[in-house]
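# Examination of the molecular architecture
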Amino acid sequence: MKGKGNAIAVREPPAAPATELTRELVAHFRGKKDFLRQQWVEQMTAKSFLAGLTPKETETESITIYDTCVGCLERGEYRAAQSYATSMAERGVLRGMTTEQIIGGLLTLRDVYGRSLFHRYHREMARLSAALDIYEPVANKILSIVALAFIEEREKVVREEREKVVRQQQEAIRELSTPVLQVREHLLVLPIIGTLDSHRARLLTEQLLRSIRANRAKVVIMDITGVPNVDSKVANHLVQTVDACRLLGATVIVTGVAPEIAQTLTTIGVDLGRILTVCDLQGGIEEADRLLGYRVIVTESAGSPSPPAPALER
Amino acid sequence: MAADVRVPIESDADIVTARQQGRALAATVGFGNSELTLIATAISEVARNIVEHAGRGEVILSPTEANNSQGIVVVARDQGPGIPNIEQALRDGYSTRGSLGLGLPGARRLMDEFEIASKVGKGTTVTMKKWIHRNLTEFPLRPRR
Amino acid sequence: MQVPILKQGSYLIASVQAALTDADLLDLRDRLAVQVGVYRSRGVVVDVTVLDVMDSFATRMLRSIAQILRLRGAETVIVGMQPDVAFAMVQLGLRLEGVSTALDLEEGLELLRRREKGGSNHGR
């Protein structure tokens, strides 16, 4: 059968010059443009695919889509459709348009085109069949381009969202990992827990410096009980942090230097001579109180079953 | 992207201009506050090196980009006497003028990349770069294999 | 731009108003050295709140100011250093050994008063 042979030839036609029938179809769709486009818009409105679009947007979008589709049929190439689909997907996803709206709209257009072909050729079946052989692959190709563009856009948005969440979580973890606590007026405690690498030491120092300013701190206790190993590099970070705090007028007391760490530091020859160190956190707080001019006194509350509570006096 | 900025260095007042311009350019590139201070301080050191050793020269500031990250390039150039021993000049505490001797080695610590090219009698060019360290470069998101 | 020096009781306050050139710093050093004698001041506060860079030269000058003024009988306190500036300074390897520091002007004056009364030497 002749039609069949034609169909195979037309299914992969891109670069081939438009056949006489293709030219006829293009002319047909161009000639009936206003009528068919109007029909398409009405059907889409009925299915409420146009929710969220202004009449003006509907007008421009529908004209562009109509012309782009006819252009694809005419030229047998889809670059214009590809780029328009990508931009439509970007805008659509941003404005919260559903996939159903977009795909549904294009399926509607496909039907409108198809029906108008039936109308034109319903008296000559062979020609109708040949026309559909030309028209259908083009319509399907456009649909798949648009569907793919939408899926890609969705994935992109999801991926960006996920990366954003991960970034926020990393920020949060970092904040959590270096809490700066105000114990009393002018006194901050910074318990360092975990390994201290250059990056973390830097963040920690920046955060501590800002806290000193914000809280008007005069003494800072840096407790390193929770730092597993202190090599010369880590010690160097600590010394820098102490120096930076001092530039802002705050005194730093380092507490919790474990016996092995003290030994290591002495062996590798790190000079912590300029750093005020106290054995443990409790001792550190006592020293801080002394520096700040506080004195802890024990008040006797007669008849109270609970042990006397220490009170602070300045 | 912002354009290159060229600051002629002829006196100590130009050192201030160079670091202010550098800070401004780095801010448009997108550096955070504490990094802006590091960059401005490093520029101050290399510009002072020109004033002290060559008398005059120039500092050229330009935005740069590589591997998806943004950065700034600072080039400090003079036609002064040159540095006979670069290794020595980059050592902490080395100074020919009774200063702290922290200028060049200090600037190197503040930046991510640092290079010196010098010829005795011809002059010295210091090129240094700093990149914006995004959180993701510290903790890269790698696709699972 | 010349740094204004104000007299407040027995103290002098040098309040930096804008970025300093090397010449400005040298000028500040020389004027302070003279004025502590003129006003018989016991202490000097240098307020560096507005400085966004403290490089090796500025650090050397501040240290030298403190040493000179000590020989002239006055204590020096540097106040108002910004966190970012302090951070850059230690990265550069700079310290202000032998120079007192305080958070701001108020704390700086308070520190000088305590010193004079021979009280706690906190802040050293």
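Note that the coordinates shown come from a computational prediction; the quantities given were computed from them, not determined experimentally.

Here the focus is the interface of chain C and chain B. The partner chain B presents 25 residues to the 21 residues of chain C that form the contact. In total, chain C and chain B occlude about 1,900 Å² of area from one another, counting both sides; carbon and sulfur atoms represent 57% of this. Joining chain C to chain B, the criterion identifies four salt bridges. Across the pair Asp 55 of chain C and Arg 19 of chain B runs a salt bridge, and its minimum N-O distance is 3.8 Å.

Taken together, the contact between chain A and chain C spans 21 residues of the former and 25 residues of the latter. Summed over both sides, the interface between chain A and chain C buries roughly 2,200 Å², with carbon and sulfur atoms accounting for 54% of that surface. Together, Arg 213, Arg 246 and Leu 247 of chain A form the three largest contributors to the area buried by chain A at its contact with chain C, with a combined 34%. Applying the counting rule to chain A against chain C returns four salt bridges. For the salt bridge of Lys 218 of chain A with Glu 107 of chain C, the shortest nitrogen-to-oxygen distance reads 3.1 Å. Counting every contact that joins chain A to chain C gives eleven residue pairs in polar contact (both at pLDDT 80 or more). Listing elements by their share of the side of chain A that touches chain C, those giving two or more residues are α8 (198-215) and α9 (232-247) of chain A. The element contributing the most residues to the side of chain A that touches chain C is α8 of chain A, with seven residues. Across the side of chain A that touches chain C, the residue classes tally to seven nonpolar, five polar and nine charged.

As a further point, take the pairing of strand β4 (residues 75-79) of chain C. Residue and element names in this part refer to chain C. Burial of β4 is extensive: four of the five residues sit out of reach of the surface. Summarising the sheet, strand β3 (residues 43-47) and β4 pair through five bridges and their orientation is parallel. Across the sheet, the residue bridging to Val 44 is Thr 76, located in β4. Read from β3 through helix α2 (residues 56-71) to β4, the crossover connection turns out right-handed. Note that the unit made of β4, helix α3 (residues 83-92) and strand β5 (residues 100-102) has a crossover that is right-handed.

Let's shift gears to the side chain of Glu 107 of chain C. With respect to the helices and strands, Glu 107 of chain C occurs in helix α4 (residues 105-116). In this structure Glu 107 of chain C comes out as buried when scored by relative accessible area, which is 14%. One polar contact links Glu 107 of chain C to Arg 216 of chain A, side chain to side chain, over a distance of 3.3 Å. With residues near it in sequence (within four places) discarded, Glu 107 of chain C still touches His 186, Arg 216 and Lys 218 of chain A together with Ala 102 of chain C.

Taken as a whole, this structure holds 34 salt bridges over all chains when the rule is applied. Here Arg 127 of chain A makes a salt bridge to Glu 20 of chain A, at a shortest N to O gap of 2.9 Å. Of this pair, Arg 127 of chain A sits in helix α7 (residues 125-177) while Glu 20 of chain A sits in helix α2 (residues 20-31), and the two are 107 residues apart along the sequence. Residue Glu 58 of chain B is joined to Arg 77 of chain B by a salt bridge in which the shortest nitrogen-to-oxygen separation is 3.2 Å. Here the residue Glu 58 of chain B occupies a position in strand β2 (residues 57-66), and Arg 77 of chain B occupies one in strand β3 (residues 69-78), the gap between them amounting to 19 residues.

All names here are of chain B. Reading across the sheet, the five strands line up as β1-β2-β3-β5-β4 and stay open at both edges, with antiparallel pairing between neighbours. For this open sheet the edge positions go to β1 (5-9) and β4 (113-119), each flanked by a neighbour on one side alone. The average undirected angle you get between the axes of adjacent strands in this sheet is 15°. In the sheet, β3 pairs with strand β5 (residues 123-131) via eight bridges, with the strands oriented antiparallel. Looking across to β5, one finds that Ala 76 is bridged to Val 126.

Parameters at a glance
- Residues numbered from 1 in each chain as written.
- Chains lettered and ligands numbered in written order.
- Predicted model: local features only at pLDDT ≥ 70, side-chain atom pairs only at ≥ 80, totals over all residues.
- Heavy atoms only, no water.
- Contact = heavy atoms within 4.5 Å.
- Buried area = accessible area lost by both parts, 1.4 Å probe.
- Salt bridge = Lys/Arg side-chain N within 4 Å of Asp/Glu carboxyl O.
- Polar contact = N/O pair within 3.5 Å; in protein donor to acceptor, adjacent residues only side chain to side chain.
- Helix = DSSP H or I, 4+ residues; strand = E, 2+ residues; numbered from the N terminus.
- Nonpolar A, V, L, I, M, F, W, Y, C, P; charged D, E, K, R; others polar.
- Buried < 20%, exposed > 50% of the residue type's maximum accessible area, 1.4 Å probe, protein only.
- Pairing = 2+ DSSP bridges.
- Right-handed = clockwise from strand over helix to strand, strands pointing away.
- Axes fitted to C-alpha atoms, helices over the stretch in contact; angles between N-to-C directions.

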